[in-house]
Amino acid sequence: MRHLGTQTLHTPRLTLRPFSREDGAAMYRNWASDPEVTRFLSWPTHRSQADSDAICAEWAAKAGELRWYNWAIVPNELGEPIGAISFHRFDEDTQMVHAGYCIGKTWWGRGYATEALQAVIAYAFLELGANRVESIHNVKNPASGRVMEKCGMTLEGVLRQAYRDNSGCCDVAVRALLRQDWLG
C-alpha cells in the first residue's frame, strides 16, 4: 500500500480533514461528552473539554505522518466537526485497512456517517491501493452495521466476546468490502 496520510476529502455535504488543536470545543460539545455516543466505543466519555483539547492536540501533531489516518467529519453548512472517522489498523500483507467512526447524536440518521465512510473507502482503494476495508460493530449497535451495509460491506461473521467497549465485553460483527467488489 502507498501511505499518504490524512488528506482532506470532500463529499457533496462534508469535508473530511485532519483535526486541528482548535477542534477540542466542538469535539467535546458535539460527541465526545455524550455517553450515548460513546457507549459502543473503546475510549471513555470525555469528562471535560480539557480531555477533548488534549486529544485534538495529539491528533493535530500526528496529522503530517504518512501512516496516520484520522479525519474530522465536518458538514459544510456547519463548519465544525460533528464526529471522527479513521483507519486505525493495517495489514500490509493483505493490504487491509480497518475503519472506525463515531458521530454526534444530533446528526444520527442523516446519512453523514455513511457519506464519510464511502469517502474513506474510496480513498483506501483508489489512493492507498488497499485490497480490503474492514470494520466491526457491537451487535447491540445495529445502526452502525447499517452504515457499513449501505457502503457495500458484507457481514463476514460474529466474533463472540471478542471486543471490549464502554458497554463491556461484547460480541462484534465483522464486515468488509474487497476492492474487486467495490470496483464492480
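Above this text sits the structure in question.
Remember, predicted model here, so these are calculated numbers, not experimental data.

The rules behind these values
- Residues numbered from 1 in each chain as written.
- Predicted model: local features only at pLDDT ≥ 70, side-chain atom pairs only at ≥ 80, totals over all residues.
- Heavy atoms only, no water.
- Pairing = 2+ DSSP bridges.
- Helix = DSSP H or I, 4+ residues; strand = E, 2+ residues; numbered from the N terminus.
- Contact = heavy atoms within 4.5 Å.
- Axes fitted to C-alpha atoms, helices over the stretch in contact; angles between N-to-C directions.
- Phe/Tyr/Trp six-rings, centres within 6.5 Å; stacked < 30°, edge-to-face > 60°.
- Buried < 20%, exposed > 50% of the residue type's maximum accessible area, 1.4 Å probe, protein only.
- Salt bridge = Lys/Arg side-chain N within 4 Å of Asp/Glu carboxyl O.
- Core = buried A, V, L, I, M, F, W, Y, C linked by side-chain atoms within 4.5 Å.

A.B. asks: Explain the sheet that holds strand β4 (residues 83–91) to me, please; I cannot follow it from the model alone.
C.D. replies: Paired through their backbone hydrogen bonds, the strands of a sheet run either parallel or antiparallel. Here we have eight strands laid out as an open sheet, ordered β1-β2-β3-β4-β5-β6-β8-β7, and mixed in their pairing. Every other strand in the sheet has two partners, leaving β1 (9–10) and β7 (154–165) as the edge strands with one partner each. Strand direction decides the pairing type here: strand β5 (residues 96–103) and strand β6 (residues 132–138), joined by three bridges, are parallel. Looking across to β6, one finds that H98 is bridged to E134. Sheet strands touched by helix α5 (residues 142–150): β5, β6 and β8 (168–178). Its angle to β6, the strand with the most contacts, is close to 160°.

A.B. asks: How should I be thinking about the packing of aromatic side chains in this particular structure?
C.D. replies: The description of two aromatic rings rests on the distance between their centres and on the angle between their planes. Taken as a whole, this structure holds nine aromatic pairs when the rule is applied. Aromatic side chains F19 and W59 sit 4.9 Å apart centroid to centroid with 65° between the ring planes, which places their arrangement in the edge-to-face category. Taken as a pair, F19 in the loop between β2 (14–18) and α1 (24–32) and W59 in helix α3 (residues 49–62) lie far apart in primary sequence, 40 residues in all. Residue F19 is classed as buried on the basis of its relative accessible area, which comes to 4%. Residue W59 is classed as buried on the basis of its relative accessible area of 18%. Ring geometry for W71 versus Y123: centroids 5.7 Å apart, planes at 90°, classification edge-to-face. Placement of the pair is W71 in strand β3 (residues 69–75) and Y123 in helix α4 (residues 112–128), with a sequence separation of 52 residues.

A.B. asks: Honestly, the pattern of salt bridges in this entry has me stumped. Any pointers?
C.D. replies: If the charged atoms of two oppositely charged side chains come close together, the side chains can form a pair. One pass over the full model with this rule turns up eleven salt bridges. Measuring nitrogen to oxygen at the nearest pair gives 3.3 Å for the salt bridge that ties E134 to R89. Here R89 lies in strand β4 and E134 lies in strand β6, a separation of 45 residues in the sequence.

A.B. asks: In this structure, what is going on with the nonpolar core? I would like to understand it.
C.D. replies: By size, the foremost hydrophobic cluster in this structure holds 32 residues, and its most contacted members are L16, W71, F87 and L117. Those residues in contact with F87 that lie beyond four places of it in its chain are Y69, W71, V97, H98, A99, V120, Y123, A124 and L128. Formed by 13 residues, the second largest nonpolar core is a distinct cluster that contains M27, A32, A84 and C102.

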